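Here is how the chains run, residue by residue.
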Amino acid sequence: MDATELRGKTPDELREQLTQLKKEAFNLRFQQATNQLENTARMRQVRRDVARVNTILNEKAAEAAQEA
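Asker: How should I be thinking about the nonpolar core in this particular structure?
Answerer: Where a protein is soluble and globular, its nonpolar side chains tend to be buried together. Judged by nonpolar contacts, the single largest core of 13 residues is most densely connected at Leu-14, Val-46 and Val-53. Contributing elements (two or more residues each) for this core: helix H2 (11-33) and helix H3 (41-67). Of the residues forming this core, the biggest block, six residues, is contributed by H3. Ignoring any residue separated from it by four or fewer positions in sequence, one finds Val-53 in contact with Met-1, Leu-6, Leu-14, Gln-17, Leu-18 and Leu-21.

Asker: Any chance you could explain the packing of H2 against H3 here in plain terms?
Answerer: Each packed pair of helices is defined by two parameters, the angle between the axes and the distance between the axes. With their axes 9 Å apart at the nearest point, H2 and H3 run at an angle of 155° to one another. Judged on the interaxial angle alone, H3 and H2 are roughly antiparallel. Relative to H3, the crossing made by H2 is left-handed. On H3, the residues that touch Pro-11, Leu-14, Arg-15, Gln-17, Leu-18, Leu-21, Lys-22, Glu-24, Ala-25, Leu-28, Arg-29 and Gln-32 of H2 are Arg-42, Met-43, Val-46, Asp-49, Val-50, Val-53, Asn-54, Ile-56, Leu-57 and Lys-60.

The rules behind each value
- Residues numbered from 1 in each chain as written.
- Predicted model: local features only at pLDDT ≥ 70, side-chain atom pairs only at ≥ 80, totals over all residues.
- Heavy atoms only, no water.
- Core = buried A, V, L, I, M, F, W, Y, C linked by side-chain atoms within 4.5 Å.
- Buried < 20%, exposed > 50% of the residue type's maximum accessible area, 1.4 Å probe, protein only.
- Helix = DSSP H or I, 4+ residues; strand = E, 2+ residues; numbered from the N terminus.
- Contact = heavy atoms within 4.5 Å.
- Axes fitted to C-alpha atoms, helices over the stretch in contact; angles between N-to-C directions.
- Parallel < 35°, antiparallel > 145°, perpendicular 65-115°, else oblique.
- Left-handed = near helix turned anticlockwise from the far one by under 90°.

Shown next, in the form of structure tokens:
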């Protein structure tokens, strides 16, 4: 997932993406706890994607507040 790709989305789409990523992170943590996780690098990718989405959401909120 690229930041430029995320900047083109609306805040509602970003929030939806964020909930999906958090669900995936939860499932990955559960798989790791039960020793069923195959791709350990995916945990890092998901964690960074969550941070990216949060950053873009905060940027859009700050931009909207500045315009108002």
